[in-house]
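Coordinate analysis (summary)
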Amino acid sequence: QIDRLSMIHVITEFMNQSLDLKEVLKVVDKLAQLMRTDASWLYLREKGDDLLKLAASNGLETDNIPASLELGSDIDGSVAESGKTLIVSDVAGSQFKSILKGESTLKSALVAPLAFRGQTIGTIGVGDHTPRNYLPDEVDMLGAIAGSLAMAIDNARLYEEEKREQDNLRLYAQQVSEAQEAERKRIARDLHDDTAQALVVVLRNLERLDQEHSQPL
């Protein structure tokens, strides 16, 4: 119990210290160890999208699990749609044909919603290759981690969005500067050409005048 509390503290600190989404999602690698399960995974949902997309997994062959899930389909889709934690102690006696479509080795799973500010932004789950009755404290533990993780993911997304906007502003400023420099060069070139042409006319007029004055009266 003490080891688990210590690891929860470490995971929470890790999530709160990073605004890099890829770093935050590395929590999934530690989750299976914390929960003492065979596998762990996480799906994320974009705003306005009815698809869950696999963002991270541990202990699973990614070729055998779906890269995306529709809301209401499979265990994770059902959790994302209902916003409630789902426990499957034995897939053989459940309403689901499998845990994660294509992944035939998992026999039990515990999946919690990633909810923040009233919105379900994804799901996080753990699973085992044998039937397992997940204890109430394990359900509570995953729920607590899911809550902290959802907030960390939301913060990371906001940071990435702000960073993209700043990058776009910098790119726009650079494009404006380059356009102004190109225009300055064009004007300078045009002025140079106009000045050169004017000088040619003046020289020709001087030559003509010189020739006229040099002719005998």
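Everything here concerns the structure above.
The following refers to the structure shown. (Residues numbered from 1 in each chain as written. Predicted model: local features only at pLDDT ≥ 70, side-chain atom pairs only at ≥ 80, totals over all residues. Heavy atoms only, no water.)

**Examining the nonpolar core**
- Grouped together as the largest cluster of nonpolar side chains are 29 residues, with contacts concentrated most on L31, L42, L114, I124, L149 and I153.
- Put simply, the parts of the chain that give this core at least two residues each are α2 (21–24), α3 (27–35), β1 (39–45), β5 (108–116), β6 (119–128) and α5 (136–214).
- Examining the composition of this core, we find that ten residues originate from one element, α5, more than from any other.
- Setting aside residues no more than four positions away along its own chain, I124 makes contact with L31, W41, L42, L110, V111, A112, L114, L142, A146 and L149.
- Y43, L69, V79 and F96 belong to the second largest nonpolar core, which has 18 residues in total. (Core = buried A, V, L, I, M, F, W, Y, C linked by side-chain atoms within 4.5 Å. Buried < 20%, exposed > 50% of the residue type's maximum accessible area, 1.4 Å probe, protein only. Helix = DSSP H or I, 4+ residues; strand = E, 2+ residues; numbered from the N terminus. Contact = heavy atoms within 4.5 Å.)

**Considering unusual backbone geometry**
- The backbone of R36 shows a phi angle near 55 degrees, a positive value even though the residue is not glycine.
- Examined against the element boundaries, R36 turns out to sit in the loop between α3 and β1.
- Here D74, not a glycine, exhibits a phi torsion of approximately 60 degrees, which is positive.
- Inspection of the secondary structure puts D74 in helix α4 (residues 74–82).

**Quick word on the layout of surface pockets**
- For the largest pocket, the calculated volume is near 510 Å³.
- Lining the largest pocket are 20 residues, and of these R45, E46, K47, I121 and R157 sit closest to its centre.
- Broken down by secondary-structure element, the contributors of at least two residues to the lining of the largest pocket are β1, β2 (51–58), β6 and α5.
- When residues of the lining of the largest pocket are assigned to their parent elements, the largest contribution, six residues, is made by α5. (1 Å grid on protein atoms, 1.4 Å probe; cavity = no way out; pocket = protein on both sides within 12 Å on 5 of 7 lines; lining within 4 Å. Points joined across faces, edges and corners; volume = space filled by probe spheres on them.)

**Structural notes on the side chain of T120**
- Note on placement: T120 falls in strand β6.
- Excluding its chain neighbours within four sequence positions, the residues that come into contact with T120 are R45, A80, G83, P113, L114 and A115.

**Quick word on the pairing of β2**
- Sheet topology places β1 next to β2; six bridges connect them, and they run antiparallel. Considered in β2, the bridge of L44 is made with K53.
- Across three bridges, the pairing between β2 and strand β3 (residues 68–70) is antiparallel. Within the sheet, the bridge partner assigned to L52 lies in β3 and is L69. (Pairing = 2+ DSSP bridges.)

**Re the pattern of salt bridges**
- If you walk through the whole model with that rule in mind, you get four salt bridges.
- Ionic pairing is found between D154 and R117, a salt bridge with its closest N-O pair at 3.7 Å. One end of the pair, D154, is in helix α5; the other, R117, is in the loop between β5 and β6, and 37 residues separate them in sequence.
- The exposure class assigned to R117 is exposed, which follows from its relative accessible area of 63%.
- The partner of D128 in a salt bridge is R132, with the nearest N and O atoms 3.3 Å apart.
- Owing to a relative accessible area of 18%, R132 belongs among the buried residues under this scheme. (Salt bridge = Lys/Arg side-chain N within 4 Å of Asp/Glu carboxyl O.)

**Notes on the pairing of β5**
- Among the nine residues in β5, eight count as buried, and that is most of the element.
- Of the strand pairs in this sheet, strand β4 (residues 86–88) and β5 are connected by three bridges, and their pairing is antiparallel. Residue pairing in the sheet places V88 in a bridge with A109 of β5.
- Bridge count for β5 against β6 is nine bridges, and the pairing is antiparallel. In the strand pairing of β6, L110 is matched with V126.
- From the end of β5 to the start of β6, which pair antiparallel, there are two residues, and R117 there has a positive phi angle of about 55 degrees.

**A few points about the sheet that holds β5**
- Spatial ordering of the open sheet is given by β3-β2-β1-β6-β5-β4, a layout of six strands whose pairing is antiparallel. Of all strands in the sheet, those bounded by a partner on one side alone are β3 and β4. Averaged over all pairs of adjacent strands, the angle between their axes in this sheet comes to 25 degrees, without regard to strand direction.
- Bridge analysis of β1 against β6 gives six bridges, and the strand direction is antiparallel. In the strand pairing of β6, S40 is matched with V126.
- Packed on one face of the sheet, α4 meets β1, β2, β3, β4, β5 and β6 and runs near 35 degrees to β5. (Axes fitted to C-alpha atoms, helices over the stretch in contact; angles between N-to-C directions.)

Geometric descriptors of this kind do not, in isolation, establish any biological role.
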